[in-house]
Amino acid sequence: MEKIYVGIFGIGSYVPEKLITNEDLSKIVDTSNEWIVERTGIQERRIVDESIATSDIASIAAKRALEDAKLKAEDIDLIIVATATPDHSFPSTACIVQKNIGATKAAAFDISVGCSGFVYGLVVGEQFVKSGLYENVLVIGAETLSKIVDWQDRNTCVLFGDGAGACILEKCEENMGILASELGSDGRNGSVLIQPAGGSRQPANEDTVKNRLHFIRMEGREVFKFAVRVMDKASQSVIDKANLKLEDIDFLVPHQANVRIIDAAAKKLNLEQGKIYVNLNKYGNMSSASIPVALNEAIEEKRIKKGDNVLLVAFGAGLTWASMIIKWNRREED
Ligand code: UT7
């Protein structure tokens, strides 16, 4: 049977205009610019206005990806939204995006994989194109983490930001596009990064609100150790699966949580700094939006060219991880 290859044909992203600096945060919690920069590399982050929800910014990124792919919303067969901050438990954010952009023929659903969500979404979307069921799949990573961050908790509020990124998957030429991927999860340690209340385990009530259980709770050090371990392991494993060597990797777009995590993983992998994209200084951790926003910026900055082997690697709530190698299938002028 003919092997089908799937690539990215359009990409778009959006970050809100409203800027919060470390200095701003030092006025609301006991922190400092020095601590945040030294421990995380983050200098500022963007957050949405109160009236804006995840589907709003997801729809902007989606429209930009459609424009980039020279497609109409009606051409889209499937919409997958990866998010930890959906507009509602139901309907899915993907269905709201479908309505917003007018993708009338598309099927639509959300996936919940924390910060690994965008790479998971690419793998899910790839399967639909490979199977022949769909031609054009829109994959979106979008978050409004500012809505679930506890602005009284210095352990977490300095880390996160809002944003959205989207791309369109289609069949591409042979030996190009997605070459290999790996998805993983270890649910045993899920409680180290959790939004405790608001679901069926602890439905919203006066006590859950009083005890601030609707906000992100995180054991930072545990997540840090896990992240460094899996970034290295998942990268090595996907490089092997693609029958490549580390030297063949032209560019790494890692999940943007903490520059110390990226540096430690790069050191373990022995990958040179010039090949690694970092933009967390400007945006903080945008969870599932981090990788598509970074990928889009790297393309706009012409850091990626046709034929490059691009490695994506992410980790997040679950705990989950995901990695992928894409042999970049688009020329700049396409
Ligand atoms: O996408 C996945 C989501 N999460 C992550 O990737 C996060 C992974 N973890 C991390 O990035 C790091 O663990 C953090 C940045 C969250 C924390 O850095 P750390 O070097 O692991 O610090 P720590 O948690 O060990 O805390 C060190 C000290 C503590 O004080 P004591 O107990 O030593 O007196 C904290 O209370 O730093 C204190 N601290 C702060 N101080 C000033 C924690 N947050 C802050 C803050 N400003 N914002």
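Residues numbered from 1 in each chain as written. Predicted model: local features only at pLDDT ≥ 70, side-chain atom pairs only at ≥ 80, totals over all residues. Heavy atoms only, no water.

1. A few points about the site of the ligand
Around the ligand sit 23 residues in total, of which Thr31, Arg39, Arg221, Asn258 and Asn285 are the nearest. With respect to the ligand, the side chain of Trp35 contributes an N or O atom lying 3.4 Å from a nitrogen atom. Within the contact set of the ligand, an oxygen atom lies 2.8 Å away from a side-chain nitrogen or oxygen of Asn285. Look at the ligand: alone it shows 950 Å² of surface, and the protein chains cover 77% of it. (Near = heavy atom within 4 Å. Polar contact = N/O pair within 3.5 Å; in protein donor to acceptor, adjacent residues only side chain to side chain. Areas by Shrake-Rupley, 256 points an atom, 1.4 Å probe, with all protein chains shown as cover.)

2. Re the pattern of salt bridges
Considering all chains together, one arrives at 13 salt bridges under this definition. Its salt-bridge partner being Asp68, residue Arg330 comes within 3.0 Å of it at the nearest N-O pair. Placement of the pair is Arg330 in the segment after β13 (320-327) and Asp68 in helix α3 (residues 54-69), with a sequence separation of 262 residues. Here Asp68 falls in the partly exposed class, since its relative accessible area comes to 28%. One salt bridge connects Glu297 with Lys282, and the closest N-O pair in it is separated by 3.2 Å. Highlighted residues: Glu297 in helix α11 (residues 290-300) and Lys282 in helix α10 (residues 280-283), separated in sequence by 15 residues. Given the relative accessible area of 10%, Glu297 is considered buried. On the basis of relative accessible area, Lys282 is assigned to the partly exposed category, the value being 30%. (Salt bridge = Lys/Arg side-chain N within 4 Å of Asp/Glu carboxyl O. Helix = DSSP H or I, 4+ residues; strand = E, 2+ residues; numbered from the N terminus. Buried < 20%, exposed > 50% of the residue type's maximum accessible area, 1.4 Å probe, protein only.)

3. What about the sheet that holds β13?
On the basis of which strands lie adjacent, the open sheet formed by four strands has the order β8-β13-β12-β11 and mixed pairing. Where the open sheet ends on each side, the last strands, each with one partner, are β8 (177-185) and β11 (251-254). In this sheet, adjacent strand axes meet at a mean angle of 10 degrees when their direction is disregarded. Each of β8, β11, β12 (309-316) and β13 is contacted by helix α8 (residues 220-241), which is oriented at about 145 degrees to β12, the strand it contacts most. (Pairing = 2+ DSSP bridges. Axes fitted to C-alpha atoms, helices over the stretch in contact; angles between N-to-C directions. Contact = heavy atoms within 4.5 Å.)

4. Thoughts on the domain arrangement of the chain
Assigned domains within the chain: domain 1 (5-175) and domain 2 (178-327). The centre of domain 1, based on its C-alpha atoms, is set 14 Å off from the matching centre of domain 2. Contacts between domain 1 and domain 2 engage 52 residues on the former and 46 residues on the latter. The contact between domain 1 and domain 2 buries some 3,900 Å² in all, and 62% of this surface belongs to carbon and sulfur atoms. For the pair domain 1 and domain 2, the number of links is two salt bridges. One salt bridge in this structure joins Arg212 and Asp150, with 2.9 Å as the shortest N-O distance. (Domains from an automatic or database assignment. Buried area = accessible area lost by both parts, 1.4 Å probe.)

5. A few points about the packing of α3 against helix α4 (residues 93-101)
Where α3 contacts α4, the axes come no closer than 9 Å and their chain directions differ by 55 degrees. Taken together, α3 and α4 sit at an angle that is classed as oblique. Here α3 and α4 pass one another in a crossing that is right-handed. Packed against α3, whose contacting residues are Thr54, Ser55, Asp56, Ala58, Ser59, Ala62, Lys63 and Leu66, the element α4 presents Thr93, Ile96, Val97, Asn100 and Ile101 at the interface. For the contact of α3 with α4, the residue count by class is six nonpolar, five polar and two charged. (Parallel < 35°, antiparallel > 145°, perpendicular 65-115°, else oblique. Left-handed = near helix turned anticlockwise from the far one by under 90°. Nonpolar A, V, L, I, M, F, W, Y, C, P; charged D, E, K, R; others polar.)

6. Focus: the sheet that holds strand β1 (residues 5-14)
One open sheet holds the five strands; their spatial order is β1-β7-β6-β4-β5, and the pairing between them is mixed. Edge positions in the sheet fall to β1 and β5 (107-111), since each has one partner strand and no second. Averaged over all adjacent pairs, the angle separating strand axes in this sheet is 20 degrees, with direction ignored. Of the strand pairs in this sheet, strand β6 (residues 137-144) and strand β7 (residues 162-172) are connected by eight bridges, and their pairing is antiparallel. Bridge pairing in β7 links Ala142 to Ala164. Sheet strands in contact with α4 are β4 (78-82), β5 and β6, and its direction is about 130 degrees off that of β4. Sheet strands touched by α11: β1, β6 and β7. Its angle to β1, the strand with the most contacts, is close to 95 degrees.

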